[in-house]
Amino acid sequence: MEKEIIVQKFGGSSVANIERIKNVAQRVVSYKSKHTDVVVVVSALGDTTDELESLAFQLSSTPPDREMDMLLSTGEQISCALLAIAIKELGHEAISFTGRQVGIKTDKTHMKARIITIDGKRINKAFKDDKIVIVAGYQGVTSDDDITTLGRGGSDLTAVALAKALRAKVCEIYTDVDGIYTTDPRIVPDARKIKQITFDEMLEMASLGAQVMQARSIEVAKRFNIPLHVRSSFSKEEGTMIIKETEKMEEIAVRGVTCNKTEAKITICSVPDKPGIAAKIFGEISKQGINVDTIVQNVPHDRLSDISFTVPKADLNKAIKATQIIGSRIGAGEVLEDRNVARVSLVGSGMRSHSGIAARMFKTLADAQINIGMISTSEISVSCIIQQDLADKAVKSLHKAFKLEQI
Ligand code: ADP
Ligand code: ASP
Ligand code: MG
């Protein structure tokens, strides 16, 4: 009989210290059996990645991406080795691997590389030897043998990609909450756990700031229809299933509220109002590999207008430099930056068929005396850019106004 394969991913908080690593080791060995092989993907211990990042930023405001990948990928190498040691101590066979060792080949986009192929040879060999396999999350290697990382939260992507490559029966994401909630339970303590959520809703929530899953991992899970079980590493309770939309699933207008504090706003003032200018500005920024989100252009006065847009805070310095260069080339005015912004969003696949959600959102924010700076929408979401120090208040008000604590 062919053995079943389970992929289990443990996030940074689940392996934050020695006691927790021992807890993970216990949990992992309880799943290994004659009929089941286990692949474990681990994140770096606790806040290691943030700490490594801050070391680099003490040396440079724009550290080279290649060197950042060399640095950041070390975190996961520590946790996978420690977990293998802890499992062996429990009397089980285990072996740890880096991304490179299990053949996770990526493109050359340092810090947000895409996985191209996974050659699972070493994993299959380890299974034959009846070993539990531990893989360092968040990393891969280019065809030039350079180490890459998969974007923050990228261990989720490693887990999903391995589940696909190994045709795993189950892919579990263990974290410090017991599932996906209607909003971040750290902001709203009476947020509700969601039993089932669609790939589309989760993708939207993740892209709009719900840190609990990396957006790109959901894209891959959706493409290959890999159901994900998000659950707590501290309890045995069932968590949330992220699955394909089925007809039976109730169309809920608003599934959740998200908040993203990782963006910053750039405004380029007095831009000449002529065809081709926006293409020049955003062409230059995209050449730097920076993703621009919401864009707003003001009504022109005297043939000049202001253009505001948001970028990830991590790319702000690079984006400001690029904007200043193109700004002076096209004869625009000052370039301003604002880090005190947040995006609050409502997400729900029922928005396709329910109307009035956006209007109710704007009214709720107005009643809470919160000014809206920018607005953007998709088929299943509405987002407002507001002042960051009012973000938690906005999330609480919206959660209440849409009665999400009652679902
Ligand atoms: P890990 O280290 O396991 O990858 P993360 O810190 O990346 O964990 O993600 C888990 C955190 O995501 C939770 O502690 C929670 O505060 C936050 N979070 C944000 N939005 C949500 C949500 N809608 N549901 C659950 N958790 C959320
Ligand atoms: N350690 C990396 C991060 O903090 C990857 C991950 O945890 O998934 O982003
Ligand atoms: Mg995470």
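What counts, and at which threshold
- Residues numbered from 1 in each chain as written.
- Chains lettered and ligands numbered in written order.
- Predicted model: local features only at pLDDT ≥ 70, side-chain atom pairs only at ≥ 80, totals over all residues.
- Heavy atoms only, no water.
- Core = buried A, V, L, I, M, F, W, Y, C linked by side-chain atoms within 4.5 Å.
- Buried < 20%, exposed > 50% of the residue type's maximum accessible area, 1.4 Å probe, protein only.
- Helix = DSSP H or I, 4+ residues; strand = E, 2+ residues; numbered from the N terminus.
- Phe/Tyr/Trp six-rings, centres within 6.5 Å; stacked < 30°, edge-to-face > 60°.
- Lys NZ or Arg CZ within 6 Å of the ring centre and 35° of its normal.
- Axes fitted to C-alpha atoms, helices over the stretch in contact; angles between N-to-C directions.
- Parallel < 35°, antiparallel > 145°, perpendicular 65-115°, else oblique.
- Left-handed = near helix turned anticlockwise from the far one by under 90°.
- Contact = heavy atoms within 4.5 Å.
- Nonpolar A, V, L, I, M, F, W, Y, C, P; charged D, E, K, R; others polar.
- Expected span 1.5 Å × (residues − 1).
- Arc of directions from axis to C-beta.

A. How the structure looks around the nonpolar core. Grouped together as the largest cluster of nonpolar side chains are 44 residues, with contacts concentrated most on Val39, Ile123, Met202, Met213, Leu228 and Ile242. Ranked by residue count, the leading element in this core is helix H6 (residues 155–165), at 6 residues. In this structure, Val188, Leu365, Val395 and Leu398 belong to the second largest nonpolar core, which totals 26 residues.

B. Looking closely at the packing of aromatic side chains. Throughout the structure, instances matching the rule amount to 2 aromatic pairs. Where Phe282 meets Phe309, the ring centres are 5.1 Å apart and the plane angle is 80°; that geometry is what we call edge-to-face. Here Phe282 is found in helix H9 (residues 277–287), whereas its partner Phe309 is found in strand E16 (residues 304–312), with 27 residues between them in sequence. Judged by relative accessible area, which is 17%, Phe282 ranks as buried. Since its relative accessible area comes to 0%, Phe309 is described here as buried. One Lys or Arg, Lys164, reaches over the ring of Phe224 and ends 4.6 Å from the middle of that ring.

C. Region of the structure containing the packing of helix H7 (residues 199–207) against helix H8 (residues 215–223). At a closest axis distance of 8 Å, the pairing of H7 and H8 adopts a crossing angle of 165°. Considering the angle they form, H7 stands roughly antiparallel to H8. Between H7 and H8 the crossing geometry is left-handed. Of H8, the residues touching H7 (which contributes Phe199, Asp200, Met202, Leu203, Ala206 and Ser207) are Ala215, Ile218, Glu219, Ala221 and Lys222. Taken together, the residues of the contact of H7 with H8 sort by class into 7 nonpolar, 1 polar and 3 charged.

D. Helix H10 (residues 316–330), seen in detail. The terminal C-alpha atoms of H10 lie 21 Å apart, and with 15 residues this matches the ideal 21 Å at 1.5 Å per residue to within 8%. Among the residues making up H10, those that are buried are Leu316, Ala319, Ile320, Ala322, Thr323, Ile326, Gly327 and Ile330. One face of H10 carries all of its buried residues, which in axial projection span an arc of 165°. In H10, the exposed residues that point more than 90 degrees away from the buried face are Ser328 and Arg329. Those residues of H10 hidden inside the fold are in contact with strand E14 (263–272), H9, E16 and strand E17 (335–338). Two residues or fewer past H10, Gly331 is found with a positive phi of approximately 75°.

E. Focus on the packing of H9 against H10. Packing of H9 against H10 leaves a shortest axis separation of 9 Å and a crossing angle of 150°. The orientation of H9 relative to H10 falls into the category roughly antiparallel. Crossing geometry of H9 relative to H10 is assigned as right-handed. Mapping the contact onto sequence places Ile277, Lys280, Ile281, Glu284 and Ile285 in H9 and Ala322, Thr323, Ile326, Arg329 and Ile330 in H10.

All we've got here are geometric facts, nothing functional implied.
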